[in-house]
Every structure is written in C-alpha cells, then in structure tokens.
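Inside the fold
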Amino acid sequence: MSEQQGGVTTSGPGALFAIGGAEDKLKKRLVLQEFVEAAGGPKARIVVVPTASALGPDVIDVYSALFAALGAASVVGVRPENREDADDPAFIEPLNQATGIFMTGGNQLKLSGVVTGTAFGRAVTEAHARGAAVGGTSAGASILAEHMIAFGRSGATPRQRMSQLAGGLGLVQGAIVDQHFAQRNRYGRLLSLVAQSPGLLGIGVDEDTAAVVRGSHLEVVGRGAVTIFDGSRITSNAHYASRSEAILASGVVLHVLPATSTFDLKARVLLSFGPQPPAEEIASIEAAEADLRKLAKEIAAEGVSPAYYAERKRRAGRRTAKATDPAKKTAVSQKAAASKKSRSSAAAQSRPEATEPLSAGAELSRPDTDPRPDSGTA
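Residues numbered from 1 in each chain as written. Predicted model: local features only at pLDDT ≥ 70, side-chain atom pairs only at ≥ 80, totals over all residues. Heavy atoms only, no water.

1. Some thoughts on the overall build of the chain
What counts here: Helix and strand definitions follow DSSP, with helices as H or I runs of at least four residues and strands as E runs of at least two, each counted in order from the N terminus. Exposure categories follow from relative accessible area, calculated using a 1.4 Å probe and restricted to protein chains: below 20% of the type maximum is buried, above 50% is exposed, and the middle band is partly exposed. Residue contacts are counted whenever heavy atoms from the two residues lie within 4.5 Å of one another. Per-residue accessibility takes into account occlusion by the displayed protein chains alone, with areas from the Shrake-Rupley method and a 1.4 Å probe.
For the chain, the helix and strand inventory stands at 11 helices and 19 strands. Looking at the chain as a whole, 40% of its 378 residues are labelled buried. Look at the contacts in the chain between residues 6 or more apart in sequence, and 71% of them connect residues 24 or more apart. About 21000 Å² of surface is accessible on the chain, with carbon and sulfur atoms providing 54% of the total.

2. Looking at the sheet that holds strand E6 (residues 100-103)
Inclusion rule: A strand pair is defined by DSSP finding two or more bridges across the two strands. Note on method: axes are straight lines fitted to C-alpha atoms, helices fitted across the in-contact stretch only, with angles between N-to-C directions ranging 0 to 180 degrees.
Taking strand neighbours across the sheet as the criterion, the nine strands line up as E5-E4-E6-E7-E3-E12-E13-E18-E19 in an open arrangement whose pairing is mixed. Looking at the sheet topology across the chains shown, the edges are occupied by strand E5 (74-77) and strand E19 (269-272). Averaged over all neighbouring strand pairs, the angle between strand axes comes to 20°, with direction disregarded.

3. Things to note about the sheet that holds strand E14 (residues 225-230)
The strand order E10-E11-E14-E17 describes an open sheet built from four strands, whose pairing is mixed. Either end of the sheet is taken by a strand with one partner, and the two such strands are strand E10 (175-179) and strand E17 (253-258). Between one strand and the next, the sheet's axes are offset by a mean angle of 15°, whatever the strand orientation. The pairing of strand E11 (residues 201-205) with E14 spans four bridges and is classified as antiparallel. Pairing of Gly204 across the sheet is with Thr227, part of E14. Against the sheet, helix H8 (residues 187-196) makes contact with E10, E11 and E14, and its axis sits at roughly 165° relative to E11, the strand it touches most.

4. What about the side chain of Asp206?
Applicable threshold: Only four residue types enter the tally: Lys and Arg on the positive side, Asp and Glu on the negative side, with His and both chain ends excluded. Any Lys or Arg side-chain nitrogen found within 4 Å of a carboxyl oxygen on Asp or Glu counts as a salt bridge. Polar contact is defined as a pair of N or O atoms within 3.5 Å, subject to the rule that within protein one atom must be able to donate a hydrogen and the other to accept it, and that residues adjacent in sequence are counted only when both atoms are side-chain atoms.
With respect to the element layout, Asp206 can be found in the loop between E11 and strand E12 (209-214). In this structure, Asp206 is buried with no salt-bridge partner, the nearest side chain bearing the opposite charge being Arg223 at 7.9 Å. Looking at Asp206, its side chain comes within polar contact range of the main-chain nitrogen of Ala225, at 3.1 Å. When neighbours within four sequence positions are excluded, Asp206 is seen to be in contact with Gly20, Phe181, Ala182, Gln183, Gly224 and Ala225.

5. Structural notes on the pairing of E12
Along any regular strand the residues' side chains alternate between the sheet's two faces. Counting buried residues along E12, five of its six residues qualify, which places the element largely inside the surrounding structure. Relative to E12, strand E3 (residues 16-19) runs antiparallel, the two sharing four bridges. Looking at E12, one finds that Ala18 is bridged to Ala211. As paired strands, E12 and strand E13 (residues 217-222) are joined by six bridges and run antiparallel to one another. Within the sheet, the bridge partner assigned to Val212 lies in E13 and is Glu219. Between E12 and E13, which pair antiparallel one after the other, the connecting turn spans two residues, and Gly215 there sits at a positive phi close to 65°.

6. Things to note about the pattern of salt bridges
Evaluated as defined, the whole model comprises seven salt bridges. Here the salt bridges share partners, and the residues they tie into one network are Arg79, Glu81 and Lys110.

7. Observations regarding the nonpolar core
Selection criterion: Here, nonpolar core means buried Ala, Val, Leu, Ile, Met, Phe, Trp, Tyr and Cys residues that are tied together by side-chain atoms lying within 4.5 Å of each other.
Grouped together as the largest cluster of nonpolar side chains are 47 residues, with contacts concentrated most on Ile101, Phe120, Val134, Ile203, Leu218 and Val226. Broken down by element, this core gets its largest block of residues, five residues, from helix H6 (residues 119-129). Aside from chain neighbours lying at most four places away, what touches Leu218 is Ile203, Ala211, Val212, Val213, Val226, Ser261, Thr262, Phe263 and Leu265. Grouped together as the second largest cluster of nonpolar side chains are 24 residues, Val59, Ile60, Ala72 and Phe102 included.

Here you go:
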C-alpha cells in the first residue's frame, strides 16, 4: 500500500545501497546519482551520518554539496558521537522526516558501537521500512548487514582469525558485506567468514560500485563488480583450524557480478545481466555465432590460417557472380569450349597413326623424350 512520506510516494521498504567506497564524486557520479533518485530525486530529503569518519564538518559539507548538485531538495548532517547521543531525540528527529539516509566511511567498529542497539539505529530501520533509501559507503556499507566486519587483514588465502565481526543493523539479512573488495584484496577474509558461517552469503563490493538491494534482489551499479561467495555446500576445516592457519574452503559457489547484473539473494541464483537486445538482434547474433563455430571447427580440423577461408569465400563470391551474369556466363562457356577444342587437337597430334597397330605390351614414346630403357626383366 502506497503512502506519502513528506511529499514522496512510497510503497514498502526502500532501497539499500551498499557502496564499496571511493565512489566517484567529480565526474559521472553514477552511484551517488542512483542513491538520490532512490531517495526521491528532486523531492529527496537526505540525512548524512558521518559518525564513522575521523574528519570534521568537512565530510558533511562535501556530501551536502554533492547531493544538492545531484538534485536533492535538502541535505542535513547528523553526527552522534556516542551511545548517549544516539538515544537523544534531537539526533533522531531528522531521521523521521528523511527520504534518504547516507552513512559515510571511516571506523567500522566505532559506527557499530554507537549506532546498533540504540534509538538512532532503530530510527534508521524504521525509516527504511516506511520507504526511505538507506545507504552507506565503506564502513557505512558494512553496517547494513546483520553481521558486519569490524576489522581484519587483507590477503587472497582464507585464514583463521583474519577478521573480527560486530553487530550490524540487519537491513540485509543472511549476508556479510565487505568493501574496497578487489582494490584491497579482501577475498581471503570474506571467504574465511563464509567458511565459519556457511549460512551467510559473502558480498564483496568494489570501489565506486554499489550493491543495490530491493527486497530479495540485488542489482549492481557502478564501474566495478560485486563478488558473492555462496557456502551452502562448503566443505571446510574452519571448526578446528588453529591460530592463523589456512582454511579449507571447497565447494564454494562464486559469482562475480558486473554492472547491470541482478541476483536473487534468497534463491542464490543469477537472474539477469546486461541490456537485453531486441529479438531480431538476438537471432542475428545467434546466426553469427553459429557461423563462427563452423569456421572454428574447420580451422581446428585443417590447421590453416583464417585468411585462407576469407580468400576462399571471396573466390566463391566471384564464381557465383559470374554464374549469375549472362554475358560473363557466355564468355566463360566460349572460353571453356575453346580450351576443350585445343586439348582435343593436342591429343590427336600425340596419338599414333591408325595404320600402325600396337602389339600387346608395347609402350608409346612420349613427345620430345626418349623411350624408357629396357628393365631387363622377362
């Protein structure tokens, strides 16, 4: 059922934006533009929460200028620094009118320690439930999940004790969200967490990229990719690996999703990817692929250069053109007849006279050559 939220019509929970950090703020600003649109576009009232950041008022000024430039109606900053602030109605009131809530990057453990389990955290989840878009970059992305990564080490190999978990807001259920994923080589730490908690999806988001969650569907926006580890059928030794030993993680399903990809978080399957071309283009593409497969088989069978087939195709085209042109067809026929007559005349001259019978086993001598020598056999 739709309702009015400060002039913006909403229907059900809002969109969730888990941004991998370092989002473009100078050029296309695609990720931030998508967030503003989800928050209501020209009617958007956005609250920026820089609690995780170590920067001063500058961080609020930057995002206020960005969101205003992208068309938001209003932008305010609200910064609870401790749990006492997070239970103060003065900090909570702006969230009640917000159509978008954006949490900045910074110290993940600080953000979790201040926001989760407080009136401020509950106000964020209530805003999302009534239709507000809730997003965050870097630390602000991790806290959207039920379990957030507080800190950890980089590395490609999953190892015991690579990271530490803290409580999140629980807006993204059944998942762990990591950020700066490819840029800071965080494959190992996310995979180690999936090995330790196979029921949770591991979602790693690259920089300047957003995993946009609406209901159970995740869509990828931005210039990077979202990596998903599904450990539903994992075989692991995480329950007895000690200290910093490498963790066995066999049978994990990997999904690397570039922009436009859509993924079902409940069914854990890819739904779609890329722009869908018209039906006639699909048919044309399939026909071209069939031709390429045939050509590839011919090349593999004969081991010749593709240029050979291109030249053969050109020659076949010329022959077809000649066969369909009446004038050329007549000229070709005349040329063939003349060639045949010439060959017949030459053959007649090389044959012996009819008055000279050939004896059995006799050999004809070739023109301008000596007869073959006697083999000496009986």
